[in-house]
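Residues per chain are reported as follows:
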Amino acid sequence: MASVRRGTTGISAMRTPSFRQHPNPVRGLTSCQANGLPIDLKGKKAFVAGVADDQGFAWAISKCLIEAGADVSLGIWVPALGIFKKSMQMGKFDDSRKLSDGSLMDFEKLYPLDAVFDTPEDVPEEIMSNKRYAGESDWTISEVAKLVEKDIGKIDILVHSLANGPEVRNPLLETSRKGYLAAQSASAYSLVSMVQKFGPIMNDGGSVLSLTYDASNKVVPGYGGGMSSAKASLESDTRTLAYEAGRKHKIRVNTVSAGPLGSRAARAIGFIERVINYSYKNAPIEKELSAMEVGQTAAFLLSPLASAITGQVVYVDNGLSTMGLSLDSPTLKAEEE
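First, a word on what this report is: a plain description of the structure on this page. The model shown is predicted, which means the values in this text are computed figures rather than measured ones.

Moving on, we get to unusual backbone geometry. Phi is positive for Asp138, which is not a glycine, with a value near 55 degrees. With respect to the helices and strands, the residue Asp138 is situated in the loop between helix H4 (125-128) and helix H5 (141-151). A positive phi angle is found at Lys250, which is not glycine, with a value near 60 degrees. One can find Lys250 in the loop between helix H7 (227-249) and strand S6 (252-258).

The structure is reproduced here in structure tokens:
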């Protein structure tokens, strides 16, 4: 079974990485507040797919959208929805929910969603009878889009923070056809399907945003199972969707290529701390990447301030993607000696 899980959008996680041992490290942003030109999203309706807890990019994006005045609804992976609701009710997310004015952020609506499936007819019996899906209904992409239109009306913002590669630990040479196609389905085609189904219920000038990772065009050993190919597809589709949805629905489509950050989802990859440490030592800006830095960039791209930006891959990675040489390479050190 290849279901879309909590936002394994690239390499993301929130454990204490080894770079915290560096003397006087520079921290990234910890809130959505920023001086300068304000982002005003008052009256805007947003649907964010991929939040399952208070960690990672999707939560940070949602928080920044709410700080800017938007009403945010969430699409949550069906098996994770009950846990998410219970955690909210028990106050487990209260610290993360705190906004700049001291209030706790809340969501307009919570919807069960499995973006591997477009329509009810696509769902196999093994999923329909799975106890993790018991008690929930109307969770395919087309069904959720209809519910959103019924409950909320037209929306202005659509965020895709979804990915899953069941064989992500396998090298590409050891990835099965089933695993490869599952990664493509959950991580790339899900964006196409969401724009197909949500595009017609988006207001003119609306904006779509997904999350990608630089393994789309560079080799990252260990990021396997077809996930690098899926991210390449996602970026290519972003350009094509920007054109097609721009002409058809008058909306914009962009993607953010985020640097390594620690989230629960990234633990599936198995080497997240080393990747975070590599970024710290080799990026032009030697600091920890914050989820809120991705959130603020997303809020800008999803706002009218970015009205002429579409079809773009926007890097938020402390500049790591610009580097062609590892500063901490043993080869370089040997030459210095």
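Once the structure has been displayed, the description carries forward.
On the basis of which strands lie adjacent, the open sheet formed by seven strands has the order S3-S2-S1-S4-S5-S6-S7 and parallel pairing. Strand pairing shows two members of the sheet lacking a second neighbour, strand S3 (110-113) and strand S7 (313-316), which therefore form its edges. Across the sheet, the mean angle separating the axes of adjacent strands is 20 degrees when strand polarity is ignored.

On to the packing of aromatic side chains. Per the stated rule, a full pass over the model turns up ten aromatic pairs. Aromatic pair Phe84 and Phe107: ring centres 6.3 Å apart, planes at 50 degrees, arrangement tilted. On the criterion of sequence distance, the pair formed by Phe84 in helix H2 (residues 78-89) and Phe107 in the loop between helix H3 (94-97) and S3 is long-range, its members being 23 residues apart. The pair formed by Phe84 and Phe107 is uniform in burial state, with each residue classed as buried.

Definitions and cut-offs
Residues numbered from 1 in each chain as written. Predicted model: local features only at pLDDT ≥ 70, side-chain atom pairs only at ≥ 80, totals over all residues. Heavy atoms only, no water. Helix = DSSP H or I, 4+ residues; strand = E, 2+ residues; numbered from the N terminus. Pairing = 2+ DSSP bridges. Axes fitted to C-alpha atoms, helices over the stretch in contact; angles between N-to-C directions. Phe/Tyr/Trp six-rings, centres within 6.5 Å; stacked < 30°, edge-to-face > 60°. Buried < 20%, exposed > 50% of the residue type's maximum accessible area, 1.4 Å probe, protein only.

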